[in-house]
Amino acid sequence: MSRRLPPLNTLWVFLTASRVLSFTKAADELFITRSAVSRQIKNLEEHFGIKLFERHKVGLELTEKGVIYANSISNIFADLKVATNILHNGNEELKLKLGISATFNSTWLMSRLCKLEQSHPELTLSFFTNSVDTGEDSVDFSGGNMDAAIRLGNGDWPGCHSDKLVDIYVQPVCAPSLLDELHSTDDTAGLAKYNWLHYNHLSKLWDQWLSHTSHPILHTEKKNITFDNVAVATQAAVDGLGIIPMYRPLADPLLKEGKLVIAHEHMMLKKESYYFVCPDQYQNVQTLKTFRDWLVTESQLSQQQWDQDHLL
């Protein structure tokens, strides 16, 4: 492994890819080709002698070391942006360190960050990423890694202020090629003739969804297959291995692209939602108040539009 620092531009390519979890989306954002992004990431991995990403057809997944490195340099680049803007404009800018899951970041938040830049160009974000959402994640601001966070939960974090952002629905989905011509999306019993895919960290998700249907104790007649992370489980579903319950609206991009289709029409509203979480005294910190006000407004508009499109 080389001790030399890698080129700054290569690090920026890596950081962009780590945020959007896609070489294609990173290329679009950076105005370069996908092959250029892939080549720079490969060079960076060879430079360090470690893998930073796992590659899947549905996108990328940061390795454990990739998460650590992305979190570290995200803060460094945020400082660099702030310092450069102060040099140009003479005005001190607002910086916020945001804790977030990789899935929520790459699906819901990333598509809206351009709006944030247009509304508040003075605000710079750095990201502290975790890999999964269990709905039971704690929030600790004492270490200084985060100023605020977006978490899945019930809104109750001791010593914290929270605002609900996005409701989450669970719905079974699968590859279009998996369903036979006679499959009906209102036939719960018919799901038993397919493999069922599970997440290791959400082992009860199938049972929770079934409890809201006409067949609460249904079991698959085929295989139950469990995966230890979301990206691999999603990839297996896209490849046609089986049916999997996924979070909506986070799964919507894959549905719109036609990589997945609805396997059953019932959407179960989860008890947990995504919340913006910050210390109680957020109103005394301009950075937090600015971002919180923008995010809550944006999420309310998004939720209203999603409800109109899918529930009314």
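Above this note sits the structure.
Because the structure is a prediction, the values reported are computed rather than measured.

Draft legend 1. Examining the packing of helix α1 (residues 8-20) against helix α2 (residues 23-30) more closely. The contact between α1 and α2 brings their axes to 8 Å, and the two run at 125°. One finds that α1 runs oblique with respect to α2. The chirality of how α1 crosses α2 is right-handed. Touching Trp12, Val13, Thr16, Ala17, Arg19 and Val20 of α1 are Phe23, Lys25, Ala26, Glu29 and Leu30, all from α2.

Draft legend 2. Local environment of the pairing of strand β7 (residues 196-199). With burial as the criterion, each face of β7 is covered, one bearing Trp196 and His198 and the other bearing Leu197 and Tyr199. In this sheet, strand β8 (residues 224-227) lies alongside β7 in parallel orientation, the contact comprising 4 bridges. Note on β8: the bridge partner recorded for Trp196 is Asn224. For the crossover from β7 across helix α7 (residues 205-210) to β8, the handedness is right-handed.

Draft legend 3. View of the side chain of Thr234. Position of Thr234 relative to the elements: it lies in helix α8 (residues 230-238). Residues contacting Thr234, with those up to four places away along its chain left out, are Val58, Met246 and Leu254.

Draft legend 4. Seen up close, the pattern of salt bridges. The full count for this structure, using the stated rule, is 16 salt bridges. Between Glu298 and Lys115 there is a salt bridge, with the nearest N and O atoms lying 3.1 Å from each other. Of this pair, Glu298 sits in helix α10 (residues 286-310) while Lys115 sits in helix α6 (residues 113-119), and the two are 183 residues apart along the sequence. Residue Lys289 pairs with Asp293 through a salt bridge whose shortest N-O separation is 3.0 Å. With Lys289 and Asp293 both in helix α10 and 4 residues apart, the pair spans about one turn of that helix. Looking at Asp293, the relative accessible area reads 29%, which means it is partly exposed. Taken together, the shared-partner salt bridges in this structure form one network comprising Asp163, Lys289, Arg292 and Asp293.

Draft legend 5. Layout of the packing of aromatic side chains. Counted by the stated rule, this structure contains 13 aromatic pairs. Taken together, a centroid distance of 5.4 Å and an interplanar angle of 20° make the contact between Tyr169 and Trp306 stacked. Here Trp306 lies in helix α10 and Tyr169 lies in strand β6 (residues 160-174), a separation of 137 residues in the sequence. Here Tyr169 and Trp306 have matching classes, each one buried.

Draft legend 6. Spatial organisation of the environment of Glu117. Structurally, Glu117 can be placed in helix α6. On the basis of relative accessible area, Glu117 is assigned to the partly exposed category, the value being 37%. Taking C-alpha positions, Glu117 is 17 Å from Ser74, a pair spaced 43 residues apart along the chain. For Glu117, the contacting residues outside a window of four places in its chain are Lys81 and Leu123. Side-chain polar atoms of Glu117 contact the side chain of Lys81, separated by 3.5 Å.

Draft legend 7. Highlighting unusual backbone geometry. Cis geometry is found at the peptide bond from Arg248 to Pro249, where omega equals 20°. The topology assignment puts Pro249 in the loop between β9 (244-248) and α9 (252-256). A positive phi angle, close to 50°, is found at Leu21, a residue other than glycine. Residue placement: Leu21 occurs in the loop between α1 and α2.

Draft legend 8. Looking closely at α8. Burial analysis of α8 places 7 of its 9 residues in the buried class, which makes it a mostly covered element. Within the span of α8, buried status applies to Ala231, Ala233, Thr234, Gln235, Ala236, Ala237 and Val238. With a side-chain oxygen lying 3.2 Å from the backbone nitrogen of Ala231, the N-terminal cap of α8 falls on Asn229. In the stretch just after α8, Gly240 is the one whose phi turns positive, near 90°.

Definitions and cut-offs
- Residues numbered from 1 in each chain as written.
- Predicted model: local features only at pLDDT ≥ 70, side-chain atom pairs only at ≥ 80, totals over all residues.
- Heavy atoms only, no water.
- Axes fitted to C-alpha atoms, helices over the stretch in contact; angles between N-to-C directions.
- Helix = DSSP H or I, 4+ residues; strand = E, 2+ residues; numbered from the N terminus.
- Parallel < 35°, antiparallel > 145°, perpendicular 65-115°, else oblique.
- Left-handed = near helix turned anticlockwise from the far one by under 90°.
- Contact = heavy atoms within 4.5 Å.
- Buried < 20%, exposed > 50% of the residue type's maximum accessible area, 1.4 Å probe, protein only.
- Pairing = 2+ DSSP bridges.
- Right-handed = clockwise from strand over helix to strand, strands pointing away.
- Salt bridge = Lys/Arg side-chain N within 4 Å of Asp/Glu carboxyl O.
- Phe/Tyr/Trp six-rings, centres within 6.5 Å; stacked < 30°, edge-to-face > 60°.
- Polar contact = N/O pair within 3.5 Å; in protein donor to acceptor, adjacent residues only side chain to side chain.

Any link to function would need more than the numbers given here.
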